[in-house]
Amino acid sequence: MDQGDDGDGQTANADYSIRIASGIGAFTCEEWNGFAGTTRDDAESGYNPLVSFAFLSALEDSGCAVRRTGWQGHHLRLETAQGGLLGAVPCYLKSHSQGEYVFDHGWSDAFERAGGRYYPKLQCAVPFTPVTGPRLLVGKGEDPDAVKAGLAAGLKMVTDKLGLSSAHVTFAQESDVATLEAAGFLHRTDQQFHFFNEGFSTYDDFLATLASRKRKAMKKERREALADGITIDWLTGKDLTEKAWDDFFAFYMDTGSRKWGRPYLNRQFFSLIGERMADDILLVMARRNGRYVAGAINFIGSDALYGRNWGCIEDHPFLHFEVCYHQAIDFAIERKLKVVEAGAQGEHKLARGYRPVTMHSAHYISHPGLRNAVADYLQRERREVERMGEYLEEHTPFRKDLEE
């Protein structure tokens, strides 16, 4: 491992070395765009805007994901012996477990009660973002298996060499998890709810797949959400003005302060993503009496819409469901996107046409005693997540005759 000028250390393959970058700015935009899945022109891997250079750099440049907030950049660079860049992992040295959505507070409490030191830990993630995406980033044209294996070995080596308790790869793609499991990481699962666009031409096509009672309830809910003279605007690209961001930030702060105590994102972050990736953003904004009163931010991938934050300054029945879930479905159908990922948790999404989906993460625990205890817990947790997924799938609102 080469950290600054501290010297070289090697991963499992002697031809590779790992370097630690203290910020995304240590990569050039061209270097980061050379990884699969990070640009819109990557037709083979598909584009995930939440691992783009624009998004990750905005988090750091705005001061949202920096050392002061407990997210110190420790991004891994996998290089050849000659310094050629093969792959990378977006990583952060964490002094807490906030903003992750895969909860390990019980692990940290138990370890520290037993005399261990859980923090700092290494977190491989997109900060504040419970969305699946590539975590073991591979240079286009490189051997994915070899590069991912090198990155997995590098994560373990960095954790051990820095004396950290653990490394956590959250909201990972299943292919990444398979590589990490082979390297000795523990597999964890959880549940989310996603909408799947089955080639629908219109929203009515989607409604036709629902049971009659559910279809009527959905129509009624959407009517009542807009009953107070509310209209909906979709803002993207040049429509994302600073005034629009001011309005949305007011919603975000009001709702976030009540829900979380301290929202993670600041006003500058929204200006930066508006400058750097406006065409990849959808604001769904609700207007009443000539002003915006609620809104939700979404990010547009090559085949998915990623719903993120919502907020409001007026409470109206069902408006949250309309702005966050129904409008996202409308947009996905119009843009022919395959999936809507509507964020963490929320079984209420099931009744609105979203299906249960298993999420994956991988965890390397350095201490043998803690590792064994966590492994036992995760085995039982995975069984429970599987059972719950089966139960929820049986209670979706879809017509049974279409599923046979």
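Residues numbered from 1 in each chain as written. Predicted model: local features only at pLDDT ≥ 70, side-chain atom pairs only at ≥ 80, totals over all residues. Heavy atoms only, no water.

The name an unreviewed UniProt entry gives the chain is GNAT family N-acetyltransferase, with Mesorhizobium intechi as the organism.

What follows is about helix α4 (residues 144-161). Compared with the 26 Å implied by 1.5 Å per residue over 18 residues, the 25 Å span of α4 between its first and last C-alpha is a close match. Looking at α4, one finds that the buried residues are Val147, Lys148, Gly150, Leu151, Ala152, Ala153, Gly154, Leu155, Met157, Val158 and Thr159. Regarding α4, its N-cap is Asp143, as a side-chain oxygen of that residue lies 3.1 Å from the backbone nitrogen of Asp145 further along. Positive phi shows up at Gly163, right after α4, with a value of about 70 degrees. (Helix = DSSP H or I, 4+ residues; strand = E, 2+ residues; numbered from the N terminus. Expected span 1.5 Å × (residues − 1). Buried < 20%, exposed > 50% of the residue type's maximum accessible area, 1.4 Å probe, protein only. Polar contact = N/O pair within 3.5 Å; in protein donor to acceptor, adjacent residues only side chain to side chain.)

Secondary-structure assignment places Asp376 in helix α11 (residues 368-394). For Asp376, a relative accessible area of 40% puts it in the partly exposed group. C-alpha of Asp376 to C-alpha of Glu386: the two residues are 10 residues apart in sequence and 16 Å apart in space. A distance of 3.1 Å separates a polar atom in the side chain of Asp376 from a polar atom in the side chain of Arg380.

Attention shifts here to the packing of helix α2 (residues 53-61) against helix α9 (residues 267-276). Taken N-terminus to C-terminus, the directions of α2 and α9 make an angle of 150 degrees; their axes are 9 Å apart at the nearest point. In terms of orientation, α2 lies roughly antiparallel with respect to α9. For the crossing formed where α2 meets α9, the hand is right-handed. Touching Ala54, Phe55, Ser57, Ala58, Leu59 and Asp61 of α2 are Gln268, Phe269, Leu272, Ile273 and Arg276, all from α9. Residue composition of the contact of α2 with α9, by class: seven nonpolar, two polar and two charged. (Axes fitted to C-alpha atoms, helices over the stretch in contact; angles between N-to-C directions. Parallel < 35°, antiparallel > 145°, perpendicular 65-115°, else oblique. Left-handed = near helix turned anticlockwise from the far one by under 90°. Contact = heavy atoms within 4.5 Å. Nonpolar A, V, L, I, M, F, W, Y, C, P; charged D, E, K, R; others polar.)

To continue, consider the pattern of salt bridges. What the rule picks out here adds up to 24 salt bridges. Note that Glu322 and Arg222 form a salt bridge whose closest N and O atoms lie 2.7 Å from each other. With Glu322 in helix α10 (residues 319-335) and Arg222 in helix α7 (residues 212-225), the pair connects residues that are 100 residues apart, well separated along the chain. Here Glu322 and Arg222 have matching classes, each one buried. A network of salt bridges, in which partner residues are shared, links Arg19, Glu31, Arg77 and Glu79. (Salt bridge = Lys/Arg side-chain N within 4 Å of Asp/Glu carboxyl O.)

Pairing in this open sheet of 11 strands is mixed, and the strands run β2-β5-β6-β8-β15-β9-β14-β13-β12-β11-β10 from one edge to the other. Only two strands of the sheet have a single partner each, and these edge strands are β2 (71-73) and β10 (231-235). Across the sheet, the mean angle separating the axes of adjacent strands is 30 degrees when strand polarity is ignored. Sheet topology places strand β12 (residues 291-300) next to strand β13 (residues 304-312); six bridges connect them, and they run antiparallel. When the bridges of β13 are listed, Asn298 appears paired with Gly307. Helix α5 (residues 174-182) contacts β8 (166-169), β9 (186-196) and β15 (355-365) of the sheet and is inclined by roughly 30 degrees relative to β15. (Pairing = 2+ DSSP bridges.)

Across the sheet, which stays open at both edges, the four strands sit in the order β1-β3-β4-β7 with antiparallel pairing between neighbours. Two strands in the sheet have a free side with no partner beyond their single neighbour: β1 (16-21) and β7 (137-138). Judged from the six bridges that link them, β1 and strand β3 (residues 75-80) form a sheet pairing that is antiparallel. Within β3, the residue paired with Ile18 across the bridge is Leu78.

The next point concerns the packing of aromatic side chains. Taken as a whole and judged by the stated rule, the model has 26 aromatic pairs. Seen from their ring centres, Trp32 and Phe35 are 5.4 Å apart, and the 80 degrees between their planes marks the pair as edge-to-face. Cluster of aromatic residues (ring-pair linked, three or more members): Phe55, Trp245, Phe248, Phe249, Tyr252, Phe269, Phe270 and Phe299. Sitting above the plane of the Tyr292 ring, Arg287 keeps its charged end 4.3 Å from the centroid. When the ring centre of Phe321 is taken as origin, the NZ or CZ atom of Arg352, which lies over that ring, is 3.6 Å away. (Phe/Tyr/Trp six-rings, centres within 6.5 Å; stacked < 30°, edge-to-face > 60°. Lys NZ or Arg CZ within 6 Å of the ring centre and 35° of its normal.)

Glancing now at the state of the cysteines. In the structure shown here, the tally under the stated rule is zero disulfides. Summary of cysteine pairing: Cys29 is not part of a disulfide, and the nearest cysteine sulfur, belonging to Cys64, is at 19 Å. A disulfide-free cysteine, Cys124 has its sulfur positioned 4.6 Å from the sulfur of Cys91, the nearest such atom. (Disulfide = S-S within 2.5 Å.)

This paragraph deals with the pairing of β15. Every regular strand shows the same layout, with side chains that alternate between the two sheet faces. Among the 11 residues that make up β15, 10 are buried, leaving the element largely enclosed by the rest of the structure. Relative to β15, β8 runs antiparallel, the two sharing four bridges. Of the residues in β15, the one forming a bridge with Val169 is Ala362. Of the strand pairs in this sheet, β9 and β15 are connected by nine bridges, and their pairing is antiparallel. Following the sheet pairing, Gln192 is matched in β15 by Val357.

Tracing the sequence through the fold places Asp247 in helix α8 (residues 242-260). Taking the relative accessible area as the measure of exposure, Asp247 reaches 16% and is therefore buried.

Here we come to the environment of Leu122. Position of Leu122 among the secondary structure elements: in strand β6 (residues 121-124). Using a relative accessible area of 0% as the deciding quantity, one classes Leu122 as buried. Other than its neighbours up to four places away in sequence, Leu122 contacts His74, Cys91, Tyr92, Leu93, Leu155, Val158, Thr159, Leu164, Ser166, Ala167 and His168.

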